[in-house]
Amino acid sequence: MAFETILSIFLGVGLAASVGFRIFLPLFFLSLAAYFNVWELNENWQWVGSFTALIVLGVATIVEIFAYFIPWLDNILDSVAIPMAALAGTAVMVSTASNLDPLITWTLAIIAGGGTATAIKGASATGRLASTATTGGTANPVIGLVETGTAAVVATASIFAPILAAFLVIIIFIVIFRIYKKLRPKT
């Protein structure tokens, strides 16, 4: 496997992880990268780098970020965002994977892209629900800010340093696993 192919896989996994925190922010970053020729997308996904996609994804990103600062709305968004994260995680993986057979590309996209995004979004939604139950939603804006910051850092690393992004994704999964392990009931 060529180094470029490996980097494209790391990019896709990193962006999929970011999708687990915010659906539109990593897509917007990918659109920016494609628009400014920082990263080349597969030929079927060139439209993501268009000016129209850049504007639409930019507006969607701003709306999504601010919506997560409203405690009752953030929980509603999470219920819709879990299946959307699976789709968006799969899409970013397909759009960035290069030099692979279509069967391998789609398999990777569904498992690594969609699976990563869904796992992180599920953990994030569970954390927000617990925050709502324990603080009445007053801590939710802080959680929203941390999630948005994490999505921005991982998406940026994915585009400019895909290997670093892969390590960040591993760290995120370790943190999620440790939190889960602490919170699960002892048997």
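The structure presented is a predicted model; accordingly, all values stated were derived computationally and were not measured. The numbers attached to residues start from 1 for each chain and follow its sequence in the written order. Per-residue local features of the predicted model are confined to residues with pLDDT of at least 70, and side-chain atom pairs are confined, for both listing and counting, to 80 or more; whole-chain, interface and lining totals are unaffected and use all residues. Side-chain metrics rest on all non-hydrogen atoms present in the structure, leaving aside hydrogens and water.

(A) View of a positive patch on the surface. Taken together, the side chains of Arg 178, Lys 181, Lys 182, Arg 184 and Lys 186 make up a positively charged region of the molecular surface. Helix and strand assignments come from DSSP, with helices taken as H or I runs of at least 4 residues and strands as E runs of at least 2, each series counted from the N terminus. Inspection of the secondary structure puts Arg 178 in helix H7 (residues 162-183). According to the relative accessible area criterion, Arg 178 is exposed, its value standing at 57%. Patch criteria: residues need more than 30% relative accessible area and no salt bridge. Like-charged residues are merged within 9 Å; nonpolar side chains of Val, Leu, Ile, Met, Phe, Trp and Tyr are merged within 5 Å. Surface accessibility in these figures is a Shrake-Rupley result with a 1.4 Å probe; residues are shielded only by whichever protein chains are displayed. A side-chain nitrogen of Lys or Arg and a carboxyl oxygen of Asp or Glu constitute a salt bridge if their distance falls within 4 Å. For this count, His and the chain ends are skipped, Lys and Arg are scored as positive, and Asp and Glu as negative. Charge positions are represented by NZ for Lys, CZ for Arg, CG for Asp and CD for Glu. Relative accessibility thresholds used throughout: buried, under 20% of the residue-type maximum; exposed, over 50%; partly exposed, between the two (1.4 Å probe, protein chains only).

(B) Looking closely at the nonpolar core. Formed by 41 residues in total, the largest nonpolar core has its most connected members in Leu 41 and Val 92. Counting only elements with at least two residues in this core, the list comes to helix H1 (3-19), helix H2 (24-35), helix H3 (51-67), helix H4 (71-96), helix H5 (102-135), helix H6 (140-160) and H7. It is H1 that contributes the most residues to this core, 8 residues altogether. Throughout, a residue-residue contact means that at least one pair of heavy atoms, one from each residue, lies within 4.5 Å. When residues no more than four places from it in sequence are discounted, the contact partners of Val 92 are Gly 12, Leu 15, Ala 16, Val 19, Leu 27 and Leu 30. To define a nonpolar core, start from buried Ala, Val, Leu, Ile, Met, Phe, Trp, Tyr and Cys residues and group those joined through side-chain atoms within 4.5 Å.

(C) Structural context of the pattern of salt bridges. The tally for this structure, following the rule as stated, stands at 4 salt bridges. Glu 147 is the salt-bridge partner of Arg 22, the closest N and O atoms lying 3.1 Å from each other. Remark: Glu 147 occurs in helix H6 and Arg 22 occurs in the loop between H1 and H2; sequence separation between them is 125 residues. The pair formed by Arg 22 and Glu 147 is uniform in burial state, with each residue classed as buried. For Arg 128, the salt bridge is made with Asp 78, and the minimal N-O distance between the two is 2.6 Å. Separated by 50 residues along the polypeptide, Arg 128 in helix H5 and Asp 78 in helix H4 bring together distant segments of the chain. In this structure, a network of salt bridges that share partners links the residues Arg 22, Asp 78, Lys 121, Arg 128 and Glu 147.

(D) Representation of H5 within the structure. A rise of 1.5 Å per residue sets the reference length of H5, with its 34 residues, at 50 Å; its end C-alpha atoms lie 47 Å apart and thus fit the reference within 8%. At Ala 109, H5 shows its strongest bend, of approximately 30°. Residues adjacent in sequence count toward polar contacts only when both atoms are side-chain atoms; beyond that, a polar contact is any pair of N or O atoms within 3.5 Å, and within protein one must be able to donate a hydrogen and the other to accept it. Between the side-chain oxygen at the start of H5 and the backbone nitrogen of Leu 103 there is a gap of 3.0 Å, and the oxygen is on Asp 101. In the segment just after H5, Gly 136 is the residue with positive phi, at about 70°. By definition here, a helix of n residues has an expected span of 1.5 Å times n minus one. Working definition for bend: take the seven residues up to and ending at a residue and the seven starting at it, fit an axis to each, and measure the angle between the axes.

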